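Fold and contact review
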Amino acid sequence: MGTYSSRSLAGLCLIIGPIVAMVSWILLGLVLGSGDTSMEAFEDALSGDWERIFAILPMLGIFASLHGLMVLQSGIESDDSGHAFSLLGVRLWGFNVISALVLLGLALGGSVSIGQMVGNLGEVMGSIGILLIALALSTRDDQNKIIQLIMAVIALIATVVGVLHICDLGVDAALYDNLLTPYYIVWTIWSVIIGWNLLKD
C-alpha cells in the first residue's frame, strides 16, 4: 500500500469508483428492482434485508470519485489555469455526494419520495460542478481539450434537464431517469480518462 502515491490512488479512485457506482446502480434497478433505473426500482431493490448491502456500493463509488477529483484539483496551483473553476466545481460535486448519502438514508428508511427531491437538487449541483471542472481542465495542456468540452456540454444539458424536472416544466420523473442514465455513462467514461491520465503522471 505504501508504494502508491496520492495521485496514483486518486487515479484508481477516478477509474474504479464511477464504474462501481454506475454498474451497481444499474444492477440494483434492473436485477434486484423492478427492471429499470428509476428511484422506484431502487426503493424496490432495497425492500429485502440482504439487498441493502448492495446499496453501499454506489456510495463507495461516488465517494471514491470525490477523493480522486479533490486530489486532481489540489495539484492545480492557485495561479495556474483552471484553478478557480475546478475548486468550485469539486465543492459542488461534494454537495452532490452528500445529497446522495441523504437520499440513500431516506430510501433505506422508506422515505424515497422525500429523498428523491434532495437527490435531484444534488444532481443539479453536481452537474454544474462537473461542468466547471471540465471547463477548467479544458484550459490545461495536460488534458484533452475536446474530451473536456464534450463533458462540459453533456453536463450543461444535464443541468438544464435537472432544473426543468425540479420546476416541473415538461420533464417528468420517467423522462428524467431516462436522460440521466446516459449522462452518468458519459461521466463514467470521462472519469476513467482523467483517472488514467493521473496514473500516467
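Residues numbered from 1 in each chain as written. Predicted model: local features only at pLDDT ≥ 70, side-chain atom pairs only at ≥ 80, totals over all residues. Heavy atoms only, no water.

Quick notes on the overall build of the chain
From N to C terminus, the chain includes seven helices and zero strands. Across the chain, helices and strands are ordered from the amino to the carboxyl terminus as α-α-α-α-α-α-α. The burial tally for the chain puts 48% of its 201 residues in the buried class. Contacts spanning at least 24 positions in sequence make up 72% of the contacts within the chain whose residues lie at least 6 apart. Taken as a whole, the chain presents about 9,900 Å² of accessible surface, with 70% of it coming from carbon and sulfur. (Helix = DSSP H or I, 4+ residues; strand = E, 2+ residues; numbered from the N terminus. Buried < 20%, exposed > 50% of the residue type's maximum accessible area, 1.4 Å probe, protein only. Contact = heavy atoms within 4.5 Å. Areas by Shrake-Rupley, 256 points an atom, 1.4 Å probe, with all protein chains shown as cover.)

Focus on the UniProt feature "transmembrane region" (unreviewed entry) in the chain
Look at the UniProt record and you will see "transmembrane region" (unreviewed entry) annotated at residues 12–33, 53–72, 84–108, 114–137, 149–171 and 183–199. Note that residues 84–108 is 100% helix and 0% strand, and that its end C-alpha atoms are spaced 37 Å apart. Summarising residues 114–137: 100% helix, 0% strand, and an end-to-end C-alpha distance of 35 Å. (UniProt positions renumbered as here; feature names shortened; annotations may be inferred.)

Details of unusual backbone geometry
Despite not being glycine, D168 shows a phi value in the positive range, around 55°. With respect to the helices and strands, D168 occurs in the loop between α6 (145–166) and α7 (173–200).

Concerning the pattern of salt bridges
One pass over the full model with this rule turns up one salt bridge. The residue R140 makes a salt bridge to D142 at a minimum N-O spacing of 3.4 Å. (Salt bridge = Lys/Arg side-chain N within 4 Å of Asp/Glu carboxyl O.)

Considering the nonpolar core
In terms of nonpolar packing, the biggest core is built from 36 residues, with L69, W93, I130, M151, Y183, W187 and W190 touching the most fellow members. Listed by contribution, the elements that provide at least two residues to this core are α1 (6–32), α3 (56–74), α4 (83–108), α5 (112–138), α6 and α7. It is α7 that provides the largest number of residues to this core, a total of eight residues. What Y183 contacts, discounting residues up to four positions off in sequence, is G126, S127, I130, M151, I154, A155 and A158. (Core = buried A, V, L, I, M, F, W, Y, C linked by side-chain atoms within 4.5 Å.)

As for the packing of α3 against α4
At a minimum axis distance of 10 Å, the contact between α3 and α4 shows a crossing angle of 165°. Judged on the interaxial angle alone, α4 and α3 are roughly antiparallel. Of the two elements, α3 crosses α4, and the hand of that crossing is left-handed. Facing M59, I62, F63, S65, L66, L69, M70 and Q73 of α3, the residues of α4 in contact are H83, S86, L87, V90, W93, G94, V97, A100, L101 and L104. (Axes fitted to C-alpha atoms, helices over the stretch in contact; angles between N-to-C directions. Parallel < 35°, antiparallel > 145°, perpendicular 65-115°, else oblique. Left-handed = near helix turned anticlockwise from the far one by under 90°.)

What to know about α7
If you check α7, its first and last C-alpha atoms are 40 Å apart, about what 28 residues at 1.5 Å a residue would give, namely 40 Å. N-cap assignment for α7: the residue whose side-chain oxygen lies 2.8 Å from the backbone N of L175 is D172. (Expected span 1.5 Å × (residues − 1). Polar contact = N/O pair within 3.5 Å; in protein donor to acceptor, adjacent residues only side chain to side chain.)

Some words on the packing of aromatic side chains
Each pair of aromatic rings is reported with the distance of its centres and the angle of its planes. Tallying each qualifying case throughout the model produces three aromatic pairs. Ring centres of W93 and W187 lie 5.2 Å apart, and the angle between their planes is 40°; on these two criteria the pair is classed as tilted. Remark: W187 occurs in helix α7 and W93 occurs in helix α4; sequence separation between them is 94 residues. Per residue, the accessibility class of W93 equals that of W187, and both read buried. Note on Y184 and W187: the rings are 5.7 Å apart at their centroids and 85° apart in plane angle, and the pair reads as edge-to-face. Placement of both Y184 and W187 in helix α7 is noted, with a separation of three residues, approximately one turn of the helix. A relative accessible area of 3% places W187 in the buried class. (Phe/Tyr/Trp six-rings, centres within 6.5 Å; stacked < 30°, edge-to-face > 60°.)

A short note on a nonpolar patch on the surface
Where nonpolar side chains cluster on the molecular surface, the patch consists of I53, F54, I56, L57 and L60 and spans about 450 Å² of accessible area. Residue L60 is classed as exposed on the basis of its relative accessible area, which comes to 52%. (Patch = residues over 30% accessible without salt bridge, like charges linked within 9 Å, V, L, I, M, F, W, Y side chains within 5 Å.)

Describing the environment of L180
Checked against the element boundaries, L180 lands in helix α7. Along the chain, L180 and G162 lie 18 residues apart, while their C-alpha atoms are 8.6 Å from each other.

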